[in-house]
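Close look at the chain arrangement
Take a look at the letters that make up each chain.
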Amino acid sequence: MGNIQIMDEWLSNKIAAGEVVERPASVVKELVENAIDAGSTSIDVFLLEAGLTSIQVIDNGGGMDEEDALMSFSRHATSKIHQEHDLFRIRTLGFRGEALASIASVSKMTLITSNGESGTHLELEGGHILTHKPGPLRKGTDLTVSQLFFNTPARLKYMKTIQTELGHTIDLMNRLALSNPQIAFRLLHNGQQLLQTNGRGDVQQVLAAIYGIHNAKKMVSFQGESHDYRIFGFVTLPEVTRASKNYMSLFVNGRWVKHYLVQKAIVDAYHTYLPIERFPIVVLYIEGDPYLTDVNVHPAKHQIRLSKEPELLKLIEETIREKIRSVIRVPQMEKKEKSVKPVTEQLNIWKPAPKIDVEKMNAIVEKLYDVQTIQENNQQSVEPEPIPDVVGDKDNWQPAPQIETNEVEEVSIVEQQEVLEDEPTKEPFPELEVVGQIHGTYIVAQMEDGFYLIDQHAAQERIKYEFFREKVGQVNPHERQALLLPLTFHYAADEALILREHKQELEAVGVFLEEFGQSSFVVREHPSWFPQGEEQEIIEDLIEQVLTTKKADVKKLREAAAIMMSCKKSIKANHFLTKEQMETLLRDLRNADNPFTCPHGRPVLIHFTSYEVEKMFKRVM
Ligand code: ADP
Ligand code: MG
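Conventions used here
Residues numbered from 1 in each chain as written. Chains lettered and ligands numbered in written order. Predicted model: local features only at pLDDT ≥ 70, side-chain atom pairs only at ≥ 80, totals over all residues. Heavy atoms only, no water. Helix = DSSP H or I, 4+ residues; strand = E, 2+ residues; numbered from the N terminus. Buried < 20%, exposed > 50% of the residue type's maximum accessible area, 1.4 Å probe, protein only. Contact = heavy atoms within 4.5 Å. Areas by Shrake-Rupley, 256 points an atom, 1.4 Å probe, with all protein chains shown as cover. pLDDT = per-residue confidence, 0-100. Pairing = 2+ DSSP bridges. Axes fitted to C-alpha atoms, helices over the stretch in contact; angles between N-to-C directions. Expected span 1.5 Å × (residues − 1). Salt bridge = Lys/Arg side-chain N within 4 Å of Asp/Glu carboxyl O. Parallel < 35°, antiparallel > 145°, perpendicular 65-115°, else oblique. Left-handed = near helix turned anticlockwise from the far one by under 90°. Nonpolar A, V, L, I, M, F, W, Y, C, P; charged D, E, K, R; others polar. Phe/Tyr/Trp six-rings, centres within 6.5 Å; stacked < 30°, edge-to-face > 60°. Lys NZ or Arg CZ within 6 Å of the ring centre and 35° of its normal. Polar contact = N/O pair within 3.5 Å; in protein donor to acceptor, adjacent residues only side chain to side chain.

It is worth spelling out the overall build of the protein chain at this point. Regarding its fold elements, the protein chain presents 21 helices and 22 strands. With 621 residues in all, the protein chain has 45% of them scored as buried. Looking at the protein chain alone, contacts between residues at least 24 apart form 70% of all its contacts between residues at least 6 apart. Of the accessible surface of the protein chain, which amounts to about 32800 Å², a share of 52% is contributed by carbon and sulfur atoms.

Now for the confidence of the model for the protein chain. Close inspection of predicted coordinates is inappropriate in any region flagged by low pLDDT. The predicted model of the protein chain has a mean per-residue pLDDT of 77, with 74% of residues at 70 or higher. Across residues 83-95, where pLDDT falls below 50, the model places 35 contacts with residues more than four positions away in sequence or in other chains. This model gives residues 329-425 a pLDDT under 50, and the stretch forms 107 contacts once residues within four places in sequence are excluded.

What follows deals with the sheet that holds strand E13 (residues 282-288). Picture the strands of a sheet paired through backbone hydrogen bonds; they go either parallel or antiparallel. Overall, mixed pairing links the five strands, which are arranged E9-E10-E13-E11-E12 in an open sheet. With partners counted over all chains shown, the strands left at the sheet margins are strand E9 (219-225) and strand E12 (255-257), one partner each. Strand-to-strand twist across the sheet, computed as the mean angle between neighbouring axes with direction ignored, equals 20°. Pairing geometry for strand E10 (residues 229-236) and E13, over seven bridges, is antiparallel. In the strand pairing of E13, Tyr229 is matched with Gly288.

With 15 residues, helix H18 (residues 535-549) should reach 21 Å at 1.5 Å per residue; the first-to-last C-alpha distance of 21 Å fits that figure. Within the sequence span of H18, burial applies to Glu535, Glu537, Ile538, Ile539, Leu542, Ile543, Glu544, Gln545, Val546 and Leu547. The positive-phi residue at the C-terminal boundary of H18 is Lys550, with phi of around 65°.

Time to look at the pattern of salt bridges. The final tally for this structure, using the stated rule, is 17 salt bridges. A salt bridge links Lys308 to Asp228; its shortest N-O distance comes to 3.3 Å. Taken as a pair, Lys308 in the loop between strand E15 (305-306) and helix H10 (309-327) and Asp228 in the loop between E9 and E10 lie far apart in primary sequence, 80 residues in all. On the basis of relative accessible area, Lys308 is assigned to the partly exposed category, the value being 43%. For Arg480, the salt bridge identified is with Glu525, shortest N-O distance 2.7 Å. With Arg480 in strand E19 (residues 480-490) and Glu525 in strand E21 (residues 520-527), this residue pair connects regions lying 45 residues apart in the sequence. Taking relative accessible area as the criterion, Glu525 reaches 29% and is therefore assigned partly exposed.

Strand order in this open sheet of four strands is E16-E17-E18-E22, and the pairing throughout is antiparallel. With partners counted over all chains shown, the strands left at the sheet margins are strand E16 (433-438) and strand E22 (605-609), one partner each. Averaged over all neighbouring strand pairs, the angle between strand axes comes to 25°, with direction disregarded. Bridge analysis of E16 against strand E17 (residues 442-447) gives five bridges, and the strand direction is antiparallel. Paired with Ile438 across the two strands is Tyr442, which belongs to E17.

This next bit is on the environment of Lys217. The topology assignment puts Lys217 in the loop between helix H8 (213-216) and E9. Given the relative accessible area of 67%, Lys217 is considered exposed.

Running from N to C, helix H9 (residues 260-270) and H10 cross one another at 30°; their axes reach a closest spacing of 8 Å. Regarding the angle of H9 to H10, the classification is roughly parallel. In the crossing of H9 with H10, the sense of the turn from one axis to the other is right-handed. On the side of H9, the interface is formed by Leu261, Val262, Ala265, Ile266, Asp268, Ala269 and Tyr270, while H10 contributes Glu309, Leu313, Ile316, Glu317, Ile320, Arg321 and Ile324. In terms of residue class, the contact of H9 with H10 is built from 10 nonpolar, no polar and four charged.

A few words now on the packing of aromatic side chains. Counted according to the given criterion, the structure contains seven aromatic pairs. An angle of 20° between the planes, with centres 5.0 Å apart, marks the rings of Phe232 and Tyr285 as stacked. Taken as a pair, Phe232 in strand E10 and Tyr285 in strand E13 lie far apart in primary sequence, 53 residues in all. Summarising the aromatic geometry, the rings of Trp529 and Phe530 are spaced 5.4 Å apart at their centres and angled 65° between planes, so their arrangement reads as edge-to-face. Across the pair, exposure class does not vary: Trp529 and Phe530 are buried alike. Here the aromatic residues Phe467, Phe468, Trp529 and Phe530 are joined through ring pairs into a cluster of three or more. The cationic tip of Arg242 hangs over the ring face of Tyr247; the distance from NZ or CZ to the ring centre is 5.2 Å. Geometry around Phe512 places Arg480 over its ring, the cationic atom sitting 3.7 Å from the centre.

Even without being a glycine, Glu49 presents a positive backbone phi close to 50°. Structurally, Glu49 can be placed in the loop between strand E1 (42-48) and strand E2 (54-59). In this structure, Phe149 takes a positive phi of about 65° despite not being glycine. Relative to the assigned elements, Phe149 resides in the loop between strand E6 (140-146) and helix H5 (153-157).

Positionally, Asp44 belongs in strand E1. In this structure the side chain of Asp44 is engaged in a polar contact, spanning 3.3 Å, whose partner is the side chain of Arg186. Not counting residues up to four positions away in its chain, the partners in contact with Asp44 are Gln56, Val57, Ile58 and Arg186.

So, about the packing of helix H15 (residues 456-472) against helix H19 (residues 554-567). Two elements in contact, H15 and H19, have axes separated by 8 Å at closest approach and are oriented at 140°. In terms of their interaxial angle, H15 and H19 are classed as oblique. Of the two possible hands of crossing, H15 and H19 adopt the one that is right-handed. Seen from H15, the contacting residues are Glu461, Lys464, Tyr465, Phe468, Arg469 and Val472; seen from H19, they are Arg558, Glu559, Ala561, Ala562, Ile563, Met565, Ser566 and Cys567. When grouped by side-chain class, the residues that make up the contact of H15 with H19 number eight nonpolar, one polar and five charged.

With that out of the way, let us pick up the pairing of strand E7 (residues 184-189). Burial within E7 is extensive, with five of its six residues counted as buried. Bridge count for E1 against E7 is six bridges, and the pairing is parallel. Among the inter-strand pairings, Leu47 is bridged to a residue of E7, identified as His189. By the bridge criterion, four bridges tie E7 to strand E8 (residues 192-196) in an arrangement that is antiparallel. Looking at the pairing, Leu187 lines up with Leu195 of E8. Where E7 hands over to E8, the hairpin turn is made up of two residues, of which Asn190 adopts a positive phi near 45°.

Structure (structure tokens):
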């Protein structure tokens, strides 16, 4: 007898389950997609313990008759593809006919379904039917999957925390709601409602349900058409950005897909309007002949091949760019700009009396002239040798080796700080005498063996950073200040989850969130040392920090907070200082733990030794 046998159906279902049923979210996906395919206008999803205990999906779709209900659990049972030809014109979501069989094989399942004429109630365990009886006549399907992976403990071990698993399902439900605004969705977890859409076909209502009304209001619609494709959707104005690409949702003929080049086309459409590494919130619907979109690439069906891709990418980029250009407004940065004083105030300038040593000056000019004439005479060069421009010409000028310019621009602020913290910095800070200020940006200060240029903005950032680092390192309950008007913050359900999970860490840096409705929070008080007038922005930035890293380590969050606060309200460039202000700044700088670099790692001061200056003037060789 040969060795090859047809695999037992039960075993092959279990193997297929490994492919299709990865985690609770994949079960929710299959069940909700079936409900959508059945023509439902209302779909409710109830989860217990992120779905690991139970997942129940109730729809009001067409339901099944008894025969179909029994059939639906056999592998490759599908009512959706009858001929090979159908495979290339897929309009429905499910089409492999293996989801129910696979899910049933690794769980305990209850199916109550009716097409309005007869009702069926089935109970299964590990794919085997235990109970089969008539059910109620309510049209639609009520399917419960409990104890997922009860018979595949190895799979169960791979499950992450409840929050992670729930996060996947929320993401999924958000996408399903966005691709089906004509269906009313509800998602409840342990009795708490996480999403509700009204099913009236209004995408903006769905966006509001997901990202909060506040953000939805800052989104504008767009639409465009080419020979083969039609696109439409919503994008945020450039002032609303996120640190991750996850807020860009793409749907091709109603199916959620990931497509790197489409994402890139969207980001390119914003071109210079977006800060680096920030992304818009976008929902983009692409419609075209199903022949042009090949979805049968992977069982999870997220990848897609698009025909006539360049045409589509061009359409997307141009349509969105046009829209943004037409509605662009000045971003709401006024708050930040306030810290630059108006011109009238700047007129109150202290300027050092220029002390010119005429004799020395003449000597310098003479020497320069000498050099030139010698060169001309030697016909080595017709051009006079360039006079080194100390401030402007970076190529010719190397900062004195005492100060190291750390190239940390690309490292995240948190990492930078770690570098700085460990750095032993007890190099003595020079005793400096203020000479004056250049361009309202640099302080010139001298000492015996030369002079220093101090970047006043970097200096102030360093001083403030050390102040805030100390404050935020020990949030004192007595240093609180109540806000006249509480601040409110609106987030998406999954973001709210992350925030709830990190409530303590946020409190450790002075952000006291109080729950306020489904996924909103209020802040009624903050530490009194929060930079004044910037409280809202600081709190938003800190929340954003937690949302992007998703795991907030108090130590890192504190460092990030201190850096953030130090950047606010620091003296910006072009701000004229009095001599007293400059002296105070230098004194504070001298007392800093590390006066030589700003919190971002850039140098605070550059040393020009007398020797170097003399060399530049060719007084010494
Ligand atoms: P597929 O969706 O790929 O056809 P499934 O295993 O997910 O395969 O479902 C098998 C069949 O069961 C479907 O083709 C459909 O006829 C029926 N079915 C599943 N869920 C529902 C539902 N909620 N309402 C009506 N019919 C359903
Ligand atoms: Mg299906």
